[in-house]
Amino acid sequence: MEELAAKLEKNLKSTIKGYGIVFAEYSIKYEVDPYLSLAIVLHETGCSSGKCSTLASKCNNIGGMKGSPGCGGGPYKKFKTLDQGIEAFYKNLSKNYYKKGLTTPETIGKKYAESETWPQRIKYYINRIKKS
């Protein structure tokens, strides 16, 4: 667990820095690939470049999840804490993707994202995380 958390932590910046252990614990608890899940987070939040999106930094939403209460009146869900946002992301990924057999960037991307290049972007982050 500590080794995985340290590897994940190397890739965390800005708002999500210091949460490597949280990502590791939830990936194991919800049986979701830690590299794939973190790759989605890095892509969706922009946190890999050092400054997270407003959705992540102000609304604790690290996965672009929609719902209410809305963040700033918009369609994206606002969470009280970053930990709650991280756990909600893992629950969503587990329940609505992994448990339905959607476990690769290609299969997840068809449902998760509108962009045809989304799977390639996620693979880029996966490779970057694994090499760190």
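Residues numbered from 1 in each chain as written. Predicted model: local features only at pLDDT ≥ 70, side-chain atom pairs only at ≥ 80, totals over all residues. Heavy atoms only, no water.

Caption draft 1: Local environment of a nonpolar patch on the surface. A cluster of nonpolar side chains, Met1, Ile21 and Ile28, forms an exposed patch at the surface whose accessible area comes to about 260 Å². Checked against the element boundaries, Ile21 lands in helix α2 (residues 20-29). Ile21 gets classed as partly exposed once you look at its relative accessible area, which sits at 35%. (Patch = residues over 30% accessible without salt bridge, like charges linked within 9 Å, V, L, I, M, F, W, Y side chains within 5 Å. Areas by Shrake-Rupley, 256 points an atom, 1.4 Å probe, with all protein chains shown as cover. Salt bridge = Lys/Arg side-chain N within 4 Å of Asp/Glu carboxyl O. Helix = DSSP H or I, 4+ residues; strand = E, 2+ residues; numbered from the N terminus. Buried < 20%, exposed > 50% of the residue type's maximum accessible area, 1.4 Å probe, protein only.)

Caption draft 2: Up close: the side chain of Ser94. Positionally, Ser94 belongs in helix α5 (residues 82-96). Each residue touching Ser94, except ones within four places of it in the same chain, is listed here: Tyr30, Val32 and Lys99. (Contact = heavy atoms within 4.5 Å.)

Caption draft 3: Molecular detail of the pattern of salt bridges. Overall, the coordinates contain two salt bridges when judged by the stated rule. Glu87 is the partner of Lys29 in a salt bridge, and the nearest nitrogen-oxygen pair spans 3.3 Å. Separated by 58 residues along the polypeptide, Lys29 in helix α2 and Glu87 in helix α5 bring together distant segments of the chain. For Glu87, a relative accessible area of 18% gives the class buried. A salt bridge links Glu106 to Lys123, with the shortest nitrogen-to-oxygen separation between them at 2.3 Å. Taken together, the residues Glu106 in helix α6 (residues 105-112) and Lys123 in helix α7 (residues 118-131) connect sequence positions 17 residues apart. For Lys123, a relative accessible area of 36% gives the class partly exposed.

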